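Notes for the structure review
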Amino acid sequence: MLMQALFGIDSLADRKLSVQDLVSIDQLALADLQLIFALAEAIKKSPANYAGALKGKVLALIFEKPSLRTRVTFDVGMTSMGGSAVFLDHSEAKLGERESIRDVARNLERWVHGIVARTYKNKSVVELAEHASIPIINGLTDLLHPCQALTDYFTILEKFGSFQGLKFAYIGDGNNTCHSLIDGAAKLGVELWIASPKGFEPKERIVSEAAKFAKESGAQIRIVNDPVEAARDASIVYTDVWASMGQEAETEDRAAVFADYQVDSELMSHARQHAVFMHCLPAHRGYEVAPSVIDSSQSIVYDEAENRLHVQKAILYLLMK
Ligand code: CP
Ligand code: NVA
């Protein structure tokens with residue numbers, strides 16, 4: 001199945017997104033998501049066709065937090081399209097501390113053609129986008145992880161061919177990944193169930209914004225506290241860490257609160273026979289997921305990780321070409 005045909009996209013040449021930055025999925029139109037998916041599929045199939053697409057272009061990677069997948073896939077993605085990436089380690093000095101975010105933006109735009117930023121405050125990425133004339137891509141904040149969620153929906157489409165008739169269960173913390181999955185579900189018309197412990201549900205602001213888009217798309221977004229209710233008859237079971245980057249001091253307390261939310265073989269037995277297991281990674285075996293699930297044939301976590309490369313190449317191409 002060609003996603004381009006599925007979405008009725010005539011040609012992928014010279015197409016642009018409706019936005020200049022990728023800060024949050026809720027700012028994208030459905031057509032933007034479909035274009036990203038179709039182009040990612042084309043790039044994945046024939047990477048050589050895009051080998052010189054970003055020749056001479058430079059991407060700055062500003063990271064306040066650690067990363068394996070996001071950092072490597074953006075760097076490799078640029079190189080494989082003829083461009084390059086420069087890494088700015090902001091783990092010591094947060095963005096805006098040494099000089100204003102506005103000045104960082106106004107300097108970088110003179111030398112590079114795009115910026116990926118991974119920050120604690122979502123506001124830092126928003127501010128960069130406000131002040132820079134070059135594209136800003138959100139590489140994860142405390143609030144959102146849009147590149148991850150776009151990749152996850154691309155991966156689901158690859159596996160199932162459609163979002164129709166699929167129940168998607170997210171089990172665990174109502175965190176950044178969860179928020180962006182909600183934003184994506186709302187645009188794409190997905191049936192998404194989220195099971196979190198009381199007090200750890202996704203932010204009300206994200207859920208109510210998504211509800212507005214869900215009216216248009218037909219998405220159903222359900223927030224519950226019972227993991228079995230979410231996992232029952234699900235085609236996709238997804239989880240993420242219980243303590244996100246920046247919450248390390250809460251690790252032990254959270255492990256106690258989330259103990260009943262581990263995705264193990266018992267929970268998977270409530271899902272459909274063909275169900276897949278997904279996780280954005282890094283994973284903690286024995287905490288949010290049992291080894292018997294993440295290391296089983298149902299697990300597609302490494303396909304998800306691979307697809308970060310193809311989807312983000314599509315995003316870079318669409319924003320920077
Ligand atoms: N999933 C993800 O964003 O991984 P990294 O934190 O390693 O970039
Ligand atoms: N929720 C996790 C995602 C890591 C990719 C975190 O923020 O640490």
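Scroll up to find the structure this text is about.
In this report, we go over the structure that sits alongside the text. Bear in mind that the values here come from a model prediction, so they are computed numbers and not experimental data.

As a further point, take the side chain of Asp 240. Tracing the backbone through its elements, the reader meets Asp 240 in the loop between β8 (236–239) and α10 (251–257). Buried Asp 240, no salt bridge; nearest opposite-charge side chain is Arg 69, N-O distance 8.9 Å. A distance of 2.8 Å separates a polar atom in the side chain of Asp 240 from a polar atom in the side chain of Asn 175. Within the structure, the side chain of Asp 240 is placed 3.1 Å from the side chain of Thr 177, a separation counted as a polar contact. Those residues in contact with Asp 240 that lie beyond four places of it in its chain are Tyr 170, Ile 171, Asn 175, Asn 176, Thr 177, His 279, Cys 280 and Glu 288.

Turning next to the site of ligand 2. In the region of ligand 2, the neighbouring residues are Leu 140, His 145, Asn 175, Asn 176, Thr 177, Asp 240, Val 241, Ser 244, Met 245 and Leu 281. In the model, a nitrogen atom of ligand 2 is placed 2.7 Å from a nitrogen or oxygen of the Ser 244 side chain. Protein chains shield 95% of the accessible area of ligand 2, which is 270 Å² for the free molecule. Under a 2 Å grid-point criterion requiring more than half of the atoms, the pocket assigned to ligand 2 is the largest pocket. Split into classes, the residues belonging to the shell around ligand 2 amount to four nonpolar, five polar and one charged.

Moving on to unusual backbone geometry. Residue Leu 281 is joined to Pro 282 through a cis peptide bond whose omega torsion reads 10 degrees. Examined against the element boundaries, Pro 282 turns out to sit in the loop between β9 (276–279) and α12 (291–294). If you check the backbone angles, Leu 140 has positive phi at about 115 degrees while not being a glycine. Topologically, Leu 140 is positioned in the loop between β4 (136–138) and α6 (146–160). Backbone geometry at Leu 281 places phi at a positive 70 degrees, although glycine is not the residue there. Assignment of secondary structure puts Leu 281 in the loop between β9 and α12. Since its relative accessible area comes to 12%, Leu 281 is described here as buried.

Evaluated as defined, the whole model comprises nine salt bridges. A salt bridge links Arg 106 to Glu 109, with the shortest nitrogen-to-oxygen separation between them at 3.4 Å. Here Arg 106 falls in the partly exposed class, since its relative accessible area comes to 39%. What you see here is one network of salt bridges that share partners, running through Asp 173, Glu 250 and Arg 254.

Next up on the list: the sheet that holds strand β6 (residues 191–195). Note on sheets: strands pair through backbone hydrogen bonds, and any given pair is parallel or antiparallel. The strand order β7-β6-β5-β8-β9 describes an open sheet built from five strands, whose pairing is parallel. In this open sheet, the two strands that pair with only one neighbour each are β7 (220–224) and β9. Going from strand to strand, the sheet's axes swing by 20 degrees on average, the running direction of each strand aside. Pairing analysis gives four bridges linking strand β5 (residues 167–171) to β8, with the strands arranged parallel. Residue pairing across strands places Ile 171 opposite Thr 239, the latter belonging to β8. Docked against the sheet, helix α13 (residues 301–320) engages β8 and β9, running at close to 50 degrees with respect to β9.

Closest axis-to-axis distance for the helix α7 (residues 176–188)/helix α8 (residues 204–217) pair is 7 Å, and the angle between their directions is 20 degrees. Between α7 and α8, the crossing angle belongs to the class labelled roughly parallel. Regarding α7 and α8, the two cross each other, and that crossing is left-handed. Here His 179, Ile 182, Asp 183, Ala 185, Ala 186, Lys 187 and Leu 188 of α7 come into contact with α8, specifically with Ile 206, Val 207, Ala 210, Phe 213, Ala 214 and Ser 217. Across the contact of α7 with α8, the residue classes break down as nine nonpolar, two polar and two charged.

A few words on the site of ligand 1. Taken together, the residues surrounding ligand 1 are Ser 67, Leu 68, Arg 69, Thr 70, Arg 118, His 145, Gln 148, Cys 280, Leu 281 and Arg 308. Here an oxygen atom of ligand 1 sits 2.6 Å away from a polar atom, N or O, in the side chain of Ser 67. The contact in question runs from an oxygen atom of ligand 1 to an N or O atom on the side chain of Arg 308, over 3.0 Å. The fraction of the free accessible surface of ligand 1 (250 Å²) that becomes covered by protein chains is 96%. More than half of the atoms of ligand 1 fall within 2 Å of the grid points belonging to the largest pocket. When its residues are assigned to classes, the shell around ligand 1 shows three nonpolar, four polar and three charged.

Reading the values: rules and limits
Residues numbered from 1 in each chain as written. Chains lettered and ligands numbered in written order. Predicted model: local features only at pLDDT ≥ 70, side-chain atom pairs only at ≥ 80, totals over all residues. Heavy atoms only, no water. Helix = DSSP H or I, 4+ residues; strand = E, 2+ residues; numbered from the N terminus. Buried < 20%, exposed > 50% of the residue type's maximum accessible area, 1.4 Å probe, protein only. Lys, Arg positive; Asp, Glu negative; His and termini not counted. Salt bridge = Lys/Arg side-chain N within 4 Å of Asp/Glu carboxyl O. Polar contact = N/O pair within 3.5 Å; in protein donor to acceptor, adjacent residues only side chain to side chain. Contact = heavy atoms within 4.5 Å. Near = heavy atom within 4 Å. Areas by Shrake-Rupley, 256 points an atom, 1.4 Å probe, with all protein chains shown as cover. 1 Å grid on protein atoms, 1.4 Å probe; cavity = no way out; pocket = protein on both sides within 12 Å on 5 of 7 lines; lining within 4 Å. Sits in = over half its atoms within 2 Å of the grid points. Nonpolar A, V, L, I, M, F, W, Y, C, P; charged D, E, K, R; others polar. Pairing = 2+ DSSP bridges. Axes fitted to C-alpha atoms, helices over the stretch in contact; angles between N-to-C directions. Parallel < 35°, antiparallel > 145°, perpendicular 65-115°, else oblique. Left-handed = near helix turned anticlockwise from the far one by under 90°.

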